[in-house]
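The chain contents come next:
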Amino acid sequence: MTDVTPLKPREPFARFRSVVLDCADPVRLAEFYAAILGGVPRVEDEDWVVLEAPGAPRIAFNREPDHQPPAWPREGGNAQQAHLDLDAGRTWAEVDAAHAKVLELGARPLDLADRETKDFLVYADPAGHPFCLCRIDHP
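Residues numbered from 1 in each chain as written. Predicted model: local features only at pLDDT ≥ 70, side-chain atom pairs only at ≥ 80, totals over all residues. Heavy atoms only, no water.

(A) Focus on the sheet that holds strand E2 (residues 42-45). Taking strand neighbours across the sheet as the criterion, the 4 strands line up as E1-E4-E3-E2 in an open arrangement whose pairing is mixed. The open sheet terminates on both sides in strands that have one partner only, identified here as strand E1 (19-23) and E2. This sheet shows a mean twist of 25° between the axes of neighbouring strands, independent of strand direction. One ladder, built from 3 bridges, connects E2 with strand E3 (residues 48-51); its direction is antiparallel. Residue pairing in the sheet places aspartate 45 in a bridge with tryptophan 48 of E3. (Pairing = 2+ DSSP bridges. Helix = DSSP H or I, 4+ residues; strand = E, 2+ residues; numbered from the N terminus. Axes fitted to C-alpha atoms, helices over the stretch in contact; angles between N-to-C directions.)

Right, here's the structure in full:
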(Lines give C-alpha, C1' and ligand atoms only; values in the text may rest on other atoms or scores of the structure.)
Protein backbone atom coordinates (compact mmCIF):
# COMPACT_ATOMS: atom_id res chain seq x y z
CA MET A 1 0.00 0.00 0.00
CA THR A 2 1.31 3.46 -0.83
CA ASP A 3 1.63 6.18 1.73
CA VAL A 4 -0.78 9.00 1.15
CA THR A 5 0.45 12.47 1.95
CA PRO A 6 -2.34 14.64 3.32
CA LEU A 7 -3.12 17.55 1.07
CA LYS A 8 -2.83 21.04 2.48
CA PRO A 9 -6.04 23.01 2.88
CA ARG A 10 -6.41 25.68 0.24
CA GLU A 11 -8.16 29.00 0.42
CA PRO A 12 -10.99 29.05 -2.12
CA PHE A 13 -11.10 31.70 -4.79
CA ALA A 14 -14.39 30.48 -6.33
CA ARG A 15 -17.56 28.81 -5.08
CA PHE A 16 -19.22 25.69 -6.45
CA ARG A 17 -22.13 26.72 -8.70
CA SER A 18 -23.64 23.78 -10.59
CA VAL A 19 -23.23 20.41 -12.16
CA VAL A 20 -24.25 20.96 -15.78
CA LEU A 21 -25.56 18.19 -18.03
CA ASP A 22 -25.74 18.76 -21.78
CA CYS A 23 -28.78 17.26 -23.47
CA ALA A 24 -31.15 17.75 -26.39
CA ASP A 25 -34.20 18.43 -24.18
CA PRO A 26 -33.32 20.28 -20.94
CA VAL A 27 -36.91 20.49 -19.66
CA ARG A 28 -37.44 16.73 -19.99
CA LEU A 29 -34.15 15.87 -18.31
CA ALA A 30 -34.74 18.39 -15.49
CA GLU A 31 -38.18 16.85 -14.88
CA PHE A 32 -36.60 13.37 -14.78
CA TYR A 33 -34.16 14.39 -12.03
CA ALA A 34 -36.81 16.44 -10.17
CA ALA A 35 -38.97 13.30 -10.00
CA ILE A 36 -36.05 11.48 -8.34
CA LEU A 37 -34.51 14.22 -6.17
CA GLY A 38 -37.43 16.59 -5.59
CA GLY A 39 -37.55 20.29 -6.33
CA VAL A 40 -39.12 22.20 -9.19
CA PRO A 41 -37.18 22.83 -12.40
CA ARG A 42 -36.84 26.51 -13.29
CA VAL A 43 -36.73 27.29 -17.01
CA GLU A 44 -34.41 30.26 -17.41
CA ASP A 45 -34.59 30.23 -21.21
CA GLU A 46 -35.14 27.68 -23.97
CA ASP A 47 -31.58 26.40 -23.62
CA TRP A 48 -31.07 26.43 -19.82
CA VAL A 49 -33.08 24.80 -17.02
CA VAL A 50 -32.01 24.68 -13.37
CA LEU A 51 -32.99 22.21 -10.65
CA GLU A 52 -32.33 23.06 -7.01
CA ALA A 53 -33.33 19.90 -5.19
CA PRO A 54 -33.41 19.72 -1.38
CA GLY A 55 -30.04 18.65 0.03
CA ALA A 56 -28.44 18.34 -3.40
CA PRO A 57 -26.05 20.44 -5.47
CA ARG A 58 -27.68 22.63 -8.08
CA ILE A 59 -28.02 20.78 -11.41
CA ALA A 60 -28.36 22.73 -14.64
CA PHE A 61 -29.43 21.30 -17.99
CA ASN A 62 -27.98 22.87 -21.12
CA ARG A 63 -29.51 22.35 -24.57
CA GLU A 64 -27.04 20.76 -26.94
CA PRO A 65 -29.00 19.76 -30.07
CA ASP A 66 -26.25 17.38 -31.28
CA HIS A 67 -25.69 15.79 -27.86
CA GLN A 68 -24.26 12.27 -28.09
CA PRO A 69 -24.42 10.26 -24.86
CA PRO A 70 -21.25 8.58 -23.65
CA ALA A 71 -20.83 4.91 -24.49
CA TRP A 72 -21.29 2.29 -21.78
CA PRO A 73 -19.18 0.43 -21.05
CA ARG A 74 -16.33 2.72 -22.02
CA GLU A 75 -15.59 2.59 -25.73
CA GLY A 76 -12.81 4.51 -27.46
CA GLY A 77 -13.13 8.28 -27.62
CA ASN A 78 -16.73 8.40 -26.37
CA ALA A 79 -16.06 7.11 -22.87
CA GLN A 80 -17.93 8.18 -19.76
CA GLN A 81 -16.45 11.39 -18.40
CA ALA A 82 -18.61 11.94 -15.32
CA HIS A 83 -21.67 10.50 -13.63
CA LEU A 84 -23.96 11.22 -10.67
CA ASP A 85 -24.11 8.96 -7.60
CA LEU A 86 -27.55 8.99 -5.97
CA ASP A 87 -28.07 7.55 -2.48
CA ALA A 88 -31.03 5.18 -2.83
CA GLY A 89 -31.08 3.84 0.75
CA ARG A 90 -29.45 1.51 3.23
CA THR A 91 -30.96 -1.77 2.03
CA TRP A 92 -31.29 -3.53 -1.29
CA ALA A 93 -35.08 -3.37 -0.81
CA GLU A 94 -34.85 0.45 -0.83
CA VAL A 95 -32.56 0.37 -3.86
CA ASP A 96 -34.96 -2.02 -5.62
CA ALA A 97 -37.86 0.38 -4.98
CA ALA A 98 -35.78 3.25 -6.42
CA HIS A 99 -34.84 0.99 -9.36
CA ALA A 100 -38.51 0.49 -10.25
CA LYS A 101 -39.18 4.22 -10.05
CA VAL A 102 -36.25 5.30 -12.25
CA LEU A 103 -37.28 2.74 -14.87
CA GLU A 104 -40.82 4.19 -14.85
CA LEU A 105 -39.29 7.64 -15.38
CA GLY A 106 -37.37 6.49 -18.45
CA ALA A 107 -33.98 5.36 -17.15
CA ARG A 108 -32.25 2.51 -18.95
CA PRO A 109 -30.24 -0.12 -17.01
CA LEU A 110 -26.55 -0.28 -17.91
CA ASP A 111 -25.09 -2.53 -15.20
CA LEU A 112 -27.18 -4.33 -12.58
CA ALA A 113 -24.79 -7.20 -11.83
CA ASP A 114 -22.56 -8.15 -8.90
CA ARG A 115 -24.59 -7.10 -5.85
CA GLU A 116 -22.32 -9.29 -3.77
CA THR A 117 -19.22 -7.26 -4.65
CA LYS A 118 -20.50 -3.71 -5.19
CA ASP A 119 -23.12 -1.44 -3.66
CA PHE A 120 -24.46 0.34 -6.72
CA LEU A 121 -26.48 -0.15 -9.91
CA VAL A 122 -25.73 1.81 -13.09
CA TYR A 123 -28.32 3.43 -15.38
CA ALA A 124 -28.54 5.91 -18.23
CA ASP A 125 -30.90 8.86 -17.83
CA PRO A 126 -33.20 9.74 -20.76
CA ALA A 127 -30.36 11.74 -22.41
CA GLY A 128 -27.91 8.84 -21.97
CA HIS A 129 -25.85 10.21 -19.04
CA PRO A 130 -24.77 7.44 -16.65
CA PHE A 131 -25.89 7.65 -13.03
CA CYS A 132 -25.79 5.21 -10.12
CA LEU A 133 -28.30 4.25 -7.48
CA CYS A 134 -26.09 3.52 -4.48
CA ARG A 135 -26.78 1.45 -1.38
CA ILE A 136 -25.13 3.43 1.38
CA ASP A 137 -25.08 2.38 5.02
CA HIS A 138 -25.31 5.65 6.93
CA PRO A 139 -23.87 5.92 10.44
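Now, onward.
(B) Summary view of helix H1 (residues 26-37). When the terminal C-alpha atoms of H1 are compared, their 16 Å separation across 12 residues agrees well with the 16 Å that a helix rising 1.5 Å per residue should span. Restricting attention to buried positions, one finds in H1 the residues Pro26, Leu29, Ala30, Phe32, Tyr33 and Ala34. (Expected span 1.5 Å × (residues − 1). Buried < 20%, exposed > 50% of the residue type's maximum accessible area, 1.4 Å probe, protein only.)

(C) The arrangement of the environment of leucine 112 in detail. Take leucine 112: it is sitting in the loop between strand E6 (108-111) and strand E7 (120-124). Excluding its chain neighbours within four sequence positions, the residues that come into contact with leucine 112 are His99, Leu121, Val122 and Tyr123. (Contact = heavy atoms within 4.5 Å.)

(D) Representation of the environment of phenylalanine 32. Structurally, phenylalanine 32 is set in helix H1. Phenylalanine 32 gets classed as buried once you look at its relative accessible area, which sits at 3%. Sequence separation between phenylalanine 32 and proline 70 is 38 residues; the distance between their C-alpha atoms is 18 Å. Other than its neighbours up to four places away in sequence, phenylalanine 32 contacts Val102, Leu105, Gly106, Ala107, Asp125, Pro126 and Phe131.

(E) Looking closely at the nonpolar core. Judged by nonpolar contacts, the single largest core of 25 residues is most densely connected at Leu29, Tyr33, Phe61, Phe131 and Leu133. Every element with two or more residues in this core is listed here: E1, H1, E3, strand E4 (59-63), strand E5 (84-89), helix H2 (92-105), E7 and strand E8 (130-135). It is H1 that provides the largest number of residues to this core, a total of 5 residues. (Core = buried A, V, L, I, M, F, W, Y, C linked by side-chain atoms within 4.5 Å.)

(F) Focus on the sheet that holds E6. With respect to topology, 4 strands assemble into an open sheet ordered E5-E8-E7-E6, the strand pairing being mixed. Both outer strands of the open sheet, E5 and E6, are each paired with one neighbouring strand and no more. Here the strands of the sheet are splayed against their neighbours by 35° on average, with no regard to which way each runs. Both E6 and E7 contribute to a ladder of 3 bridges, which runs antiparallel. By the bridge assignment for E7, aspartate 111 is matched with valine 122.

(G) Looking closely at the side chain of histidine 67. Among the secondary structure elements, histidine 67 is positioned in the loop between E4 and E5. On the basis of relative accessible area, histidine 67 is assigned to the buried category, the value being 17%. A distance of 3.2 Å separates the side chain of histidine 67 from the backbone oxygen of alanine 127, its partner in a polar contact. (Polar contact = N/O pair within 3.5 Å; in protein donor to acceptor, adjacent residues only side chain to side chain.)

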